[in-house]
Amino acid sequence: MADQPDETSLREQLAAQYRRVESLGLNALSSGNLSVRFGDNMLISPAGAKADNITADTVVEVSLDGDSQGGRKPSSEWRMHAGIYKRHEEAEAVVHTHSDYCVALASNLMALPGFHYLVGTFGGDDVPCVPYSTFGTQQLADDAAQALTHRTACLLANHGMIARGRNLQNAVNLAYRLEIMCRQYVLARQLGEPARLTATEWDEFFEQVRRNQYGSAG
Ligand SMILES: [Zn+2]
């Protein structure tokens, strides 16, 4: 925790990245939410946040059991964020959106299949879709947290997507990449049934990722 940015900086980053989610077109009518781990608690966008009114001061500190500080209410989806922080030590930031192409797949209860090698950047050969549950419920939180065990993102049936990242910028980048890839998959489907990488091709992909990480570390 020694190298954790201070609270003011995290609040400012969160407000800036929330505006970025909107400017990327992932957050029409402010349907998404964004959080960052803060010690044992999290900082999260407030209920009713909008890109044009969110500021460092309106960001809410809330415990992973939902006890909030100050007068503002956290996003109604705080349980989903909390569930992911509780279950995944490596999660430092979480973003949830209803972006168009993620919703298109999720409304058909479809996982994003491994039609393109960059699907692998989410951790495996697909991005799964968890079953529908009412927004804000513990069931939805548990299903999303479980799906993010071997993946950094998942789709939420009849709802949207959620991703966990190493920091706020990384989480938002993942949400943007997932939206792009769902759009590309929808386009590819219009021409037929897109080919999928084989198990051997996935093995080679992940081996290449490992080699490149070792290379960049040296
Ligand atoms: Zn939602």
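Below you will find a few notes about this structure.

Next up on the list: unusual backbone geometry. In terms of backbone geometry, most residues other than glycine have negative phi values and most peptide bonds are trans. Phi is positive for leucine 109, which is not a glycine, with a value near 55°. Mapped onto the fold, leucine 109 is located in the loop between α3 (100-106) and β5 (129-130). Residue leucine 109 is classed as exposed on the basis of its relative accessible area of 56%. One non-glycine residue with positive phi stands out, namely asparagine 158, at about 55°. Along the chain, asparagine 158 falls in the loop between β6 (153-156) and β7 (160-165). When its relative accessible area of 42% is taken as the criterion, asparagine 158 is described as partly exposed.

Each protein donor to the zinc ion is listed here as His96 (NE2), His98 (NE2) and His159 (NE2); together their distances run 2.1 Å. The motif formed by the donor residues of the zinc ion, counted along the single chain, is H-x1-H-x60-H. Taken as a pair, histidine 96 in strand β4 (residues 93-97) and histidine 159 in the loop between β6 and β7 lie far apart in primary sequence, 63 residues in all. A relative accessible area of 1% places histidine 96 in the buried class. Using a relative accessible area of 12% as the deciding quantity, one classes histidine 159 as buried.

Before going further, it helps to spend a moment on the packing of helix α1 (residues 7-23) against helix α5 (residues 168-189). Contact pair α1 / α5: the axes reach a minimum separation of 10 Å and the direction vectors enclose 15°. Between α1 and α5, the angle is such that the two are roughly parallel. The way α1 lies across α5 gives a crossing that is right-handed. Counting all contacts with α1, which are made through Leu10, Gln13, Leu14, Gln17, Arg20 and Val21, the residues of α5 involved are Leu168, Gln169, Val172 and Asn173.

So, on to the state of the cysteines. Scanning all chains against the criterion turns up zero disulfides. Here cysteine 102 is not disulfide-linked; the sulfur of cysteine 182 is the nearest cysteine sulfur, at 4.1 Å. On the basis of relative accessible area, cysteine 182 is assigned to the buried category, the value being 0%.

Quick look at the packing of aromatic side chains now. In the structure shown here, the tally under the stated rule is five aromatic pairs. Three or more aromatic residues joined by ring pairs make a cluster, and in this case those are Tyr117, Trp202, Phe205 and Phe206.

Glancing now at the environment of alanine 199. Among the structural elements, alanine 199 can be located in helix α6 (residues 199-217). For alanine 199 and aspartate 125, which are 74 residues apart along the polypeptide, the C-alpha to C-alpha distance reads 8.5 Å.

Taken as a whole and judged by the stated rule, the model has nine salt bridges. The shortest N-O distance in the salt bridge between arginine 11 and glutamate 7 comes to 3.0 Å. On the criterion of helical spacing, the pair formed by arginine 11 and glutamate 7 is a turn pair, its members being four residues apart in helix α1. A residue is classified by how much of its surface remains accessible, and glutamate 7, at 29% relative accessible area, is partly exposed. The residue glutamate 90 makes a salt bridge to arginine 164 at a minimum N-O spacing of 3.7 Å. Pair noted here: glutamate 90 is in the loop between α2 (78-87) and β4 and arginine 164 is in strand β7, with a separation of 74 residues, a long-range link. Exposure remark for glutamate 90: the relative accessible area of 46% places this residue in the partly exposed category.

Parameters at a glance
- Residues numbered from 1 in each chain as written.
- Predicted model: local features only at pLDDT ≥ 70, side-chain atom pairs only at ≥ 80, totals over all residues.
- Heavy atoms only, no water.
- Helix = DSSP H or I, 4+ residues; strand = E, 2+ residues; numbered from the N terminus.
- Buried < 20%, exposed > 50% of the residue type's maximum accessible area, 1.4 Å probe, protein only.
- Donors = N, O, S within 2.8 Å, 3.2 Å for Na, K, Ca; no water.
- Axes fitted to C-alpha atoms, helices over the stretch in contact; angles between N-to-C directions.
- Parallel < 35°, antiparallel > 145°, perpendicular 65-115°, else oblique.
- Left-handed = near helix turned anticlockwise from the far one by under 90°.
- Contact = heavy atoms within 4.5 Å.
- Disulfide = S-S within 2.5 Å.
- Phe/Tyr/Trp six-rings, centres within 6.5 Å; stacked < 30°, edge-to-face > 60°.
- Salt bridge = Lys/Arg side-chain N within 4 Å of Asp/Glu carboxyl O.

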